[in-house]
Amino acid sequence: MRGRTWLGAALVLGAQLRALWLAAAVEVHTAKEVVAVNGTNQRLKCTFSSSNPVSQQLSVSWNFQPEDLSSHELVFYYQKEPYKPPSGRFKDRVTWDGNIERNDVSIIIWNLQPSDNGTFTCQVTNWPDVYGTIGEVRLRVVQKVSFSEIHFLVVAIGSASVLMIIVVTAVIICRQRRRRARDKRLEGADTEGKEKESLKMREEKEPIPLED
């Protein structure tokens, strides 16, 4: 009986500690996926919520892992002030765009390259909330649309629109012509019927000559 009692107490205590940890943990929120055009700048938004007020020991870590999962790379670090990476692919290409008072720890990546395809992670610690979720956002860098492709697309859409207008106009004209032809046939049939009826009435009115 004592063993069962201790086991039950341990389970209850574990559940309470887990609930307390979840309540005190930092929750980080990011978009799941972001698509940007090659050569442009992109803001990676990251916000957080904490059970404690923002402290002077709050720290933010942005990291990057390419699509080939080769290695993790530090992108940006913040503690009391922003720290840019001294080396690596993001050197001189990342700036702080957050607002700690609004629980915003976002950054901007400048001059995106195809090699920037991968997963960015945003981690926030706010003592004593040192545990919590890690935000992940997958970045997809797509190629620019060339002028020739845009021109071709505009011409294709314009041609399709003109062709559709011509077809609709032709259908409307054909329907009008058929309607006019039908109206003429009905009008002719009506006129012929009236002439026959008038002739019949005249014949009935004419006197029949008497035989000598």
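The paragraphs below set out a description of the structure included in this document. Counting restarts for each chain, with residues numbered from 1 along the sequence as it is written. Per-residue local features are limited, in this predicted model, to residues with pLDDT of at least 70; the limit for side-chain atom pairs, both in listing and counting, is 80 or more; totals at the level of whole chains, interfaces and linings are taken over all residues. Based on all heavy atoms of the structure, the side-chain values leave hydrogens and waters out of the count.

What about the overall build of the protein?
Here is step 1 of the chain: Going along the chain from the N terminus, every DSSP run of H or I of four or more residues is numbered as a helix, and every run of E of two or more is numbered as a strand. The helix and strand inventory of the protein stands at 2 helices and 11 strands.
Here is step 2 of the chain: Secondary structure elements in the protein, listed N-terminal to C-terminal, are α-β-β-β-β-β-β-β-β-β-β-β-α.
Here is step 3 of the chain: Only protein chains enter the accessibility calculation, which uses a 1.4 Å probe. A residue is then buried if its area is under 20% of the maximum for its type, exposed if over 50%, and partly exposed in between. Here the protein holds 212 residues, and 22% of them are scored as buried.
Here is step 4 of the chain: The contacts in the protein between residues at least 6 apart in sequence include a share of 58% that link residues at least 24 apart.
Here is step 5 of the chain: Of the roughly 16,000 Å² of accessible surface on the protein, 58% is carried by carbon and sulfur atoms. Whether two residues are in contact is decided by their heavy atoms, any of which lying within 4.5 Å being enough. We get accessible surface area from the Shrake-Rupley algorithm with a probe of 1.4 Å; when it comes to residues, only the shown protein chains can shield them.

A few points about the state of the cysteines
Here is step 1 of the chain: Cysteine sulfur atoms that pair up within 2.5 Å are treated as a disulfide. Tallied over the full model, the rule gives 1 disulfide.
Here is step 2 of the chain: One disulfide bridge connects cysteine 46 with cysteine 122, the sulfur atoms lying 2.2 Å from each other. The sign of the -85 degrees torsion about the S-S bond sets the cysteine 46-cysteine 122 disulfide as left-handed. Pair noted here: cysteine 46 is in strand β4 (residues 46-49) and cysteine 122 is in strand β10 (residues 118-125), with a separation of 76 residues, a long-range link. Like cysteine 122, cysteine 46 is buried.

So, the sheet that holds strand β9 (residues 107-109)
Here is step 1 of the chain: Read across the open sheet, the 3 strands follow the order β3-β9-β8; overall the sheet is antiparallel. For this open sheet the edge positions go to β3 (42-44) and β8 (94-96), each flanked by a neighbour on one side alone. Between one strand axis and the next, the sheet turns through 25 degrees on average, direction left out of account.
Here is step 2 of the chain: Two strands pair when backbone bridges link them, and β3 and β9 are joined in this way by 3 bridges, in the antiparallel orientation. If you follow glutamine 42 over to β9, its bridge partner there is isoleucine 109. Each pair of strands is called paired provided DSSP finds at least two bridges between the two strands. Helix axes are fitted to C-alpha atoms over the stretch in contact, other axes to C-alpha atoms as well, and angles between N-to-C directions run from 0 to 180 degrees.

Structural notes on the pairing of strand β2 (residues 33-37)
Here is step 1 of the chain: Residue alternation in β2 divides its side chains into a buried set, Val34 and Ala36, and an unburied set, Glu33, Val35 and Val37.
Here is step 2 of the chain: The pairing of β2 with strand β11 (residues 135-142) spans 5 bridges and is classified as parallel. Following the sheet pairing, valine 34 is matched in β11 by leucine 139.

Some words on a positive patch on the surface
Here is step 1 of the chain: Taken together, the side chains of Arg175, Arg178, Arg179, Arg182 and Arg185 present a region of like positive charge at the surface.
Here is step 2 of the chain: Residue placement: arginine 182 occurs in helix α2 (residues 147-205). A residue counts toward a patch only above 30% relative accessible area and without a salt bridge, and it is joined to like-charged neighbours within 9 Å or, for Val, Leu, Ile, Met, Phe, Trp and Tyr, to nonpolar neighbours within 5 Å. The working definition used for a salt bridge is a side-chain nitrogen of Lys or Arg within 4 Å of a carboxyl oxygen of Asp or Glu. Positive charges come from Lys and Arg, negative ones from Asp and Glu, while His and the chain ends are left out of the count. Just so you know, the charge point we use is NZ for Lys, CZ for Arg, CG for Asp and CD for Glu.

Side note on the sheet that holds β10
Here is step 1 of the chain: One open sheet holds the 6 strands; their spatial order is β2-β11-β10-β5-β6-β7, and the pairing between them is mixed. Unpaired on one side and paired on the other, β2 and β7 (81-83) mark the two borders of the sheet. Averaged over all pairs of adjacent strands, the angle between strand axes in this sheet comes to 20 degrees, irrespective of strand direction.
Here is step 2 of the chain: Summarising the sheet, strand β6 (residues 73-79) and β7 pair through 3 bridges and their orientation is antiparallel. Directly across from tyrosine 77, in β7, lies its bridge partner tyrosine 83.

Notes on the pairing of β10
Where a strand is regular, its side chains alternate between the two sheet faces.
Here is step 1 of the chain: By the criterion of burial, β10 is predominantly enclosed, with 6 of the 8 residues buried.
Here is step 2 of the chain: Relative to β10, strand β5 (residues 59-66) runs antiparallel, the two sharing 8 bridges. Across the sheet, serine 59 pairs through a bridge with threonine 125, a residue of β10.
Here is step 3 of the chain: In this structure, β10 lies alongside β11, joined through 5 bridges in antiparallel fashion. Across the sheet, residue threonine 121 finds its bridge partner in β11, namely glutamate 136.

Observations regarding the pattern of salt bridges
Here is step 1 of the chain: If you walk through the whole model with that rule in mind, you get 7 salt bridges.
Here is step 2 of the chain: With a shortest N-O distance of 3.2 Å, arginine 140 and glutamate 33 are connected by a salt bridge. Placement of arginine 140 in strand β11 and of glutamate 33 in strand β2 is noted, with a sequence separation of 107 residues between them.
Here is step 3 of the chain: Residue classification places arginine 140 among the partly exposed residues on the basis of a relative accessible area of 31%.
Here is step 4 of the chain: Under the relative-accessibility criterion, glutamate 33 is labelled partly exposed at 42%.
Here is step 5 of the chain: Residue arginine 93 is joined to aspartate 116 by a salt bridge in which the shortest nitrogen-to-oxygen separation is 2.5 Å. One end of the pair, arginine 93, is in the loop between β7 and β8; the other, aspartate 116, is in the loop between β9 and β10, and 23 residues separate them in sequence.
Here is step 6 of the chain: When salt bridges that share partners are traced, they join Glu33, Glu67, Arg138 and Arg140 into one network.

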